Amino acid sequence: MTTLAQKLTNGLITLSGLDREDILRILRHSQKFKDGYTPKSLENRIVASLFFEASTRTRLSFESAVQRLGGQVIGFSEASNTSLASKNESFADTLEIIAGYCDAVVMRHPNDGSAQLAQDLLSIPILNGGDGTHLHPTQTLLDLFSIFETQGTLAGIHLGLMGDLRYSRTIQSLLETAVMFNMQLSFISDDDFQPSQQQLDWLKANNVTFSLHNDIHNAIAELDVLYVTRLQKERFVNNSTDVQNLIVTTDDLRNAKNNLKILHPLPRNEEIPNDVDDTPFAYYFQQAKNGLFVRMALLDLIFSNKDVPRTKTQTDLVAANEWRCGNKRCISHQCQPAFKRINVHGQTSVICYYCEQNATAQ
Ligand code: NCD
């Protein structure tokens, strides 16, 4: 049996390789940090914080976590001043060089699948701080921590997901775990921003109960948690900025259950007006603060297990010349494309190894 420590030896790219018990262990460990536990498990360690894309919470909470654990941080908060941007150095060369200066990398990058590529290129742990529209696993861990903290359980809760459910990486990662904890889901969004058909099919194959709504009014009364996201306008392919965001108002909250908590990965735009902050339902600022404890716990788990042998998971890849990835944001267009076959409850399909979107036959 693979232990959690073994699963984390190469860092964390996706939560799909963890199981329910692994996640609960990380959350229990995070609670210790929230209660004041501060081991110096990163003493003499250097973590590179590579943010090729904007960030406030993820970068600063990771950097704070490293320093609170006794480690040191090198890195950049935007890539424009690196040789990759100004001297045409490749992504692979850039990473290879940085890996020589540090013990682990935290990376955020605009391309889907870039974290997986980084992990394959390097032999130090990579922590995915968000790869394009694909995944944001450490955000999900702090989301789950906040849900557990406010609801006393993750199992079977009714989770409403509202806003941009298509291009938001926090939603993609949260869905990976909603399945593990048998959550009931209500998707609240305009048709164009509901989860993709591939995702809905995957939820169905996993027997997840879900419903689709175009506004919050007939969904709110059932929910234990309402997870709101902003429109990810910077990712819209056609650059349209005139899309109307869905908004949750204090009026909508009159029908809410007493235990309802509103979460948001932040930053927020107009989807949560400021007066909602004063209601007992608002929990997004506490949620953001929890990011520090969860990231401390994760780094501690990775660095306290120095003796765990590092093993790279081997994925069986499918002949690349027969398949194509149609996702314009995918990192596979900047490296050797690769595809894998997956089997979801008897249904086989081929997906891009990097961004995990359905591949098309050439
Ligand atoms: C999110 C992100 O960057 O994916 N923010 C975060 O990490 N807390 C959400 C967003 O940008 O909307």
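In this text, all values refer to a predicted model and were calculated from it rather than measured experimentally.

Participant: How should the state of the cysteines be read in this particular structure?
Facilitator: One covalent bond between the sulfur atoms of two cysteine residues makes up a disulfide. Enumeration according to the criterion identifies zero disulfides in this entry. Of all cysteine sulfurs, the one in C330 lies closest to C352, which takes part in no disulfide; the gap is 3.7 Å. Using a relative accessible area of 0% as the deciding quantity, one classes C352 as buried.

Participant: Teacher, can you tell me more about the sheet that holds strand β6 (residues 158–162) here?
Facilitator: Two orientations exist for strands paired in a sheet by backbone hydrogen bonds: parallel and antiparallel. Taking strand neighbours across the sheet as the criterion, the five strands line up as β8-β7-β6-β9-β10 in an open arrangement whose pairing is parallel. Unpaired on one side and paired on the other, β8 (210–213) and β10 (261–263) mark the two borders of the sheet. Averaged over all pairs of adjacent strands, the angle between their axes in this sheet comes to 20°, without regard to strand direction. Its contacts with the sheet place helix α7 (residues 137–151) against β9 (225–228) and β10, and it is angled at close to 170° to β10. Each of β7 (184–188) and β8 touches helix α9 (residues 197–205); the most contacted strand, β8, lies at about 150° to it.

Participant: Looking at this structure, how should I read the layout of surface pockets?
Facilitator: The gaps left among the atoms become clear once a water-sized probe is rolled over them. Taken as a whole, the largest pocket encloses approximately 1,100 Å³ of empty space. S196, Q198, Q199, E356 and Q357 are, among the 34 residues lining the largest pocket, the residues nearest its centre. Of all the elements in the fold, those that place two or more residues in the lining of the largest pocket are α8 (169–180), α9, β13 (339–344) and β14 (347–352). Here the lining of the largest pocket takes five residues from α9, the largest share from any one element. Residue composition of the lining of the largest pocket, by class: eleven nonpolar, 15 polar and eight charged.

Reading the values: rules and limits
Residues numbered from 1 in each chain as written. Predicted model: local features only at pLDDT ≥ 70, side-chain atom pairs only at ≥ 80, totals over all residues. Heavy atoms only, no water. Disulfide = S-S within 2.5 Å. Buried < 20%, exposed > 50% of the residue type's maximum accessible area, 1.4 Å probe, protein only. Pairing = 2+ DSSP bridges. Helix = DSSP H or I, 4+ residues; strand = E, 2+ residues; numbered from the N terminus. Axes fitted to C-alpha atoms, helices over the stretch in contact; angles between N-to-C directions. Contact = heavy atoms within 4.5 Å. 1 Å grid on protein atoms, 1.4 Å probe; cavity = no way out; pocket = protein on both sides within 12 Å on 5 of 7 lines; lining within 4 Å. Points joined across faces, edges and corners; volume = space filled by probe spheres on them. Nonpolar A, V, L, I, M, F, W, Y, C, P; charged D, E, K, R; others polar.

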